[in-house]
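# Understanding the architecture of this molecule
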Number of protein chains: 2
Amino acid sequence: MNLHRNPSLTTLPVSPDLDTPAAVTVLDVARAAGVSPSTVSRILNGTARVAADKRAAVEAAIAKLNFRPNLFARSLKTGTTMTVGIVTQDVESPFYGRAMKGIEEGLSGSGYAPIIVSGHWNAKEEAERVELLMARRIDGLIILTGHLSDEQVRAFALHQPVVATGRQVDGPQLRSCQLDQEMGGYLATRHLINLGHRRIAHITGPQDHDDAQQRLAGYRRALQEAGLAADAALVVQGDFMESGGLMAMSRLIDSGESFTAVFAANDQSAYGARMALYRRGVRVPDDVSVVGFDDLPASAYLTPPLTTVRQPIYEVGLYAARTLLGLMGHPVEPITLPPMELVVRETTRRL
Amino acid sequence: MNLHRNPSLTTLPVSPDLDTPAAVTVLDVARAAGVSPSTVSRILNGTARVAADKRAAVEAAIAKLNFRPNLFARSLKTGTTMTVGIVTQDVESPFYGRAMKGIEEGLSGSGYAPIIVSGHWNAKEEAERVELLMARRIDGLIILTGHLSDEQVRAFALHQPVVATGRQVDGPQLRSCQLDQEMGGYLATRHLINLGHRRIAHITGPQDHDDAQQRLAGYRRALQEAGLAADAALVVQGDFMESGGLMAMSRLIDSGESFTAVFAANDQSAYGARMALYRRGVRVPDDVSVVGFDDLPASAYLTPPLTTVRQPIYEVGLYAARTLLGLMGHPVEPITLPPMELVVRETTRRL
DNA sequence: CTGTTAGCGCCTTCAT
DNA sequence: ATGAAGGCGCTAACAG
């Protein structure tokens, strides 16, 4: 269904005349203040010097009439919309929620309003949403990871400034940032190895998810570096969700493989894995050590609190917002992203 | 800082001419198709019948030129913006995240895009954000609970249709919905009573939060109905966050009051309380039973899984979106909200 | 069925 | 320092 501008769809009993009580325009203000519209505009935008008395009159009129400039008329004229598009993957994701918060903070006070769409980890849907955003003439675009190809992202950057996270693409109007996922995976696994673990399982993320592949690579590197064999039977497929982690761990236990530790590709998987362990009466960390990835707010409140790799995702959001402001022509203090960091809590123990 | 339209702030090295490659307009399309702009407009909006050959020519031209109508020009003309404002309290909240998802779903395919702002549980900030939204001439507004007074909400509804959750206000352009929080609190407490508990503590939400007060009222009603004294020493102040729950439970334990169960005003508080219990070596549910409120996605993955009251918050989002579409003149199938529901998992036991 | 005309509200030369 | 005039891209009468 597309309700968009279909006049036949006007039905509900809505009092017709209550909306927008005859919007007041620059012209109204000008008349009330006894000046021309141009003068009002100049005061609004600080475009030129205006005599103090007229300025006062205009400001009084603005206040009295409660005038609000129509952003759309302005946009039409200036070509700028004061709106930035944000592509997230899932409005409900606690991880991207934190990135959103960083973006919100980074944009605050800039006059730019974010409009958010979700790609749901689907390249096609994601591209459609971006088209939708672009139809609204956004001034800038932030793409939070996702499945778009670098070429697509580059193509989008032809139309407006773009900041993309979780990838390495740059161009005239294109900036990106990427956290070292491989290092994160390495850190997590290395921690387990240092604790004396030798049989370390891994619950992966989705196969088509680049970050997940990187974490897996880090896991393998740590293993190899320690001279440990990479046992394929110890790597089980998850999906970044609690249910996937639960099933992965259940399968692993059922397989009969022995292991003393597991590194889950994200915290949500770790929650699921921990539940599977709990269901089987396997104690954490006494029998099995668990390491997650992301450091979600809830992870510190698991019992026992989850050892995990902290991604500075809030800062990524901040960085994306600030960088975009820069691309849009506003000077900003640069942000440097803190590195991945191992947060040792209580789900791991020395063997 | 307000970067908005301050020409002095143009600095960063951005290639100047890459943006919006000379936007194509209806006029271009009309010329390419050998018709008038009005005909193009009519085809775009289905406003009138157009001869098949011209339609084909226009559609071909649109495709060839990759034409996208400028929504702002359209808005200027029609007074409609095809965007709705959403006031949430915290983009990072897992609870409101789920509501957002419902709204997203409810709006999908309608042509309306949501633009989201956060009030951060602060009436003043909330009002400011709404003003900001209104400056953008949104076609409709959804207010997710928050601290605005009913009068303020009513005032906003003078300018455009409004749907507000967590309160009971209605008017010509105003709809609201309210879940029975008191009943939820009653259900949670009643469950504990039925299990044989007599000394039941409560961790409250913020004092200025209406929902929290309602849940407390439900707690008291269940107690009273069962002939149990409401011991003020058993009611401790939380703040709907994990840390608040943790501190509240710590204080309770330190107070030396005896209790066998606790009802936390939301799941996040329950997580914190559970952690405090864990720190003191108090077993759940063996020594103390715990009930939460909300049923966050993570709650099923606590160890043990959390017994809680499920709020149909996703459906609330859906309801808000659909109702708003209705107010904006689009017929929608009405949604009925499911009731609050006790979800018994494993943090409560019979005494 | 289709083209012509006239703005929507604002900003920006261009004069003064 | 200020006003008049034109136009951003689109749609909605009004003619034909």
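Residues numbered from 1 in each chain as written. Chains lettered and ligands numbered in written order. Predicted model: local features only at pLDDT ≥ 70, side-chain atom pairs only at ≥ 80, totals over all residues. Heavy atoms only, no water.

## Considering the sheet that holds strand 7 (residues 235-236) of chain A
All names here are of chain A. Selection criterion: DSSP-based pairing: two strands are paired if at least 2 bridges between them are found. Working definition: helices are DSSP H or I runs of at least four residues, strands are E runs of at least two. Numbering for both runs from the N terminus. Residue contacts follow a heavy-atom distance rule, with two residues in contact if any of their heavy atoms lie within 4.5 Å. Fitted lines through C-alpha atoms serve as axes, helices being fitted only where they are in contact, and the angles separating the N-to-C directions of these axes extend from 0 to 180 degrees.
The four strands lie next to each other as 7-6-8-9, forming an open sheet whose pairing is parallel. Both outer strands of the open sheet, strand 7 and strand 9 (289-291), are each paired with one neighbouring strand and no more. Examined bridge by bridge, strand 6 (residues 200-203) and strand 7 share two bridges and lie parallel to one another. The partner of His-202 across the bridge, within strand 7, is Val-235. Contacting strand 6, strand 8 (261-264) and strand 9, helix 8 (residues 181-194) crosses the sheet at an angle of about 170° to strand 8.

## Description of the packing of aromatic side chains
All names here are of chain A. Let me state the cut-off plainly: Stacked, tilted and edge-to-face pairs are distinguished by plane angle, under 30 degrees for stacked and over 60 for edge-to-face with tilted covering the rest, among Phe, Tyr and Trp rings (Trp via its six-membered ring) whose centres lie within 6.5 Å. Think of it in three bands: residues with accessible area under 20% of the maximum for their type are buried, residues over 50% are exposed, and the middle band is partly exposed, with areas taken using a 1.4 Å probe on protein chains only. We call a charge positioned above a ring when the Lys NZ or Arg CZ atom is no farther than 6 Å from the ring centre and deviates by at most 35 degrees from the ring normal.
Under the defined criterion, the tally for this structure stands at seven aromatic pairs over all chains. Here Phe-95 and Tyr-96 contribute two aromatic rings whose centre-to-centre distance is 5.3 Å and whose plane-to-plane angle is 75°, an arrangement assigned as edge-to-face. Among the residues examined, Phe-95 registers a relative accessible area of 11% and is labelled buried. Centroid distance Phe-263 to Phe-293: 6.2 Å. Interplanar angle 40°. Geometry classified as tilted. One end of the pair, Phe-263, is in strand 8; the other, Phe-293, is in the loop between strand 9 and strand 10 (308-310), with 30 residues separating them in the sequence. Each member of the pair, Phe-263 as well as Phe-293, carries the same accessibility label: buried. These aromatic residues form a ring-pair network of at least three members: Phe-95, Tyr-96 and Trp-121. Against the face of Tyr-186 rests Arg-221, its NZ or CZ located 4.0 Å from the ring centre.

## Comments concerning helix 11 (residues 267-279) of chain B
Residues and elements named next belong to chain B. Filter applied, for reference: Here a helix's expected span is defined as the number of its residues, less one, multiplied by 1.5 Å.
In this model, helix 11 (13 residues) spans 18 Å end to end at C-alpha, consistent with the 18 Å of a helix rising 1.5 Å per residue. Among the 13 residues of helix 11, eleven are classified as buried, and the element is accordingly described as predominantly covered. Residues of helix 11 that are buried include every one of Asp-267, Gln-268, Ser-269, Ala-270, Tyr-271, Gly-272, Ala-273, Arg-274, Met-275, Ala-276 and Leu-277, and no others. Looking at the buried side of helix 11, the elements it contacts are helix 5 (94-107), strand 6 (200-203), helix 10 (242-255), strand 8 (261-264), strand 9 (289-291) and strand 10 (308-310).

## Digging into the domain arrangement of chain A
Residues and elements named next belong to chain A. Condition: As used throughout, domain bounds are those supplied by an automatic or database domain assignment. Buried area is calculated as the accessible area (1.4 Å probe) missing from two parts once they are joined, with the contributions of both summed. Salt bridges are defined by distance alone: a side-chain nitrogen of Lys or Arg within 4 Å of a carboxyl oxygen of Asp or Glu. Residues adjacent in sequence count toward polar contacts only when both atoms are side-chain atoms; beyond that, a polar contact is any pair of N or O atoms within 3.5 Å, and within protein one must be able to donate a hydrogen and the other to accept it.
Entries for chain A in the domain assignment read domain 1 (22-69), domain 2 (81-179 + 314-337) and domain 3 (181-311). The interface of domain 2 with domain 3 comprises eight residues on the first partner and ten residues on the second. Regarding the contact of domain 2 and domain 3, the summed buried area is about 860 Å², with carbon and sulfur atoms giving 53% of it. One salt bridge connects Arg-310 with Glu-315, and the closest N-O pair in it is separated by 3.5 Å. At the junction of domain 2 and domain 3, the tally comes to two residue pairs in polar contact (both at pLDDT 80 or more).

## A word on the protein's contact with DNA strand C
For the record, the criterion: Only a single heavy atom is needed: when it lies within 4 Å of a molecule or strand, its residue is near that molecule or strand. Note that Gly is not counted as nonpolar here; it falls among the polar residues with everything else outside the nonpolar set of Ala, Val, Leu, Ile, Met, Phe, Trp, Tyr, Cys and Pro and the charged set of Asp, Glu, Lys and Arg.
Around DNA strand C sit 23 residues, and of these Val-26 and Arg-74 of chain A together with Ser-38, Arg-42 and Ala-51 of chain B come closest. Among the atoms of DNA strand C lying within 4 Å of the protein, the sugar-phosphate backbone contributes 63%. In the environment of DNA strand C, a base nitrogen lies 3.3 Å from a nitrogen or oxygen atom belonging to the backbone of Ala-73 of chain A. Within the contact set of DNA strand C, a phosphate oxygen lies 2.5 Å away from a side-chain nitrogen or oxygen of Arg-74 of chain A. Contributing elements (two or more residues each) for the surface near DNA strand C: helix 2 (37-45) and helix 4 (71-78) of chain A together with helix 2 (37-45) and helix 4 (71-78) of chain B. Here the residues of the surface near DNA strand C are counted per class, giving eight nonpolar, eight polar and seven charged.

## Digging into the relation of the copies chain B and chain A
Using the following cut-off: The copies were overlaid by least squares, fitting only the C-alpha atoms of residues that reach a pLDDT of 70 or more in each copy.
Aligned on chain A, chain B shows an RMSD of 0.1 Å; the corresponding rotation is 180° and the shift along the axis is 0.0 Å. Read as a symmetry element, the transformation amounts to a two-fold axis.

## Things to note about the packing of helix 8 (residues 181-194) of chain B against helix 9 (residues 210-225) of chain B
Residue and element names in this part refer to chain B. Threshold: Oblique is the label for any angle not covered by the other classes, which are roughly parallel (under 35 degrees), roughly antiparallel (over 145) and roughly perpendicular (65 to 115). The sense of a crossing depends on the near helix, which, turned anticlockwise from the far helix by less than a right angle, makes the crossing left-handed and, turned clockwise, makes it right-handed.
Here helix 8 crosses helix 9 at 40°, and the two axes come no closer than 7 Å. Classified by the angle between their axes, helix 8 and helix 9 sit oblique to one another. Regarding helix 8 and helix 9, the two cross each other, and that crossing is right-handed. For the pair formed by helix 8 and helix 9, the contact residues are Gln-181, Glu-182, Met-183, Gly-185, Tyr-186, Thr-189, Arg-190 and Ile-193 on the first element and Asp-211, Gln-214, Arg-215, Ala-217, Gly-218, Tyr-219, Arg-221, Ala-222, Leu-223 and Glu-225 on the second. Among the residues forming the contact of helix 8 with helix 9, the class breakdown is seven nonpolar, five polar and six charged.

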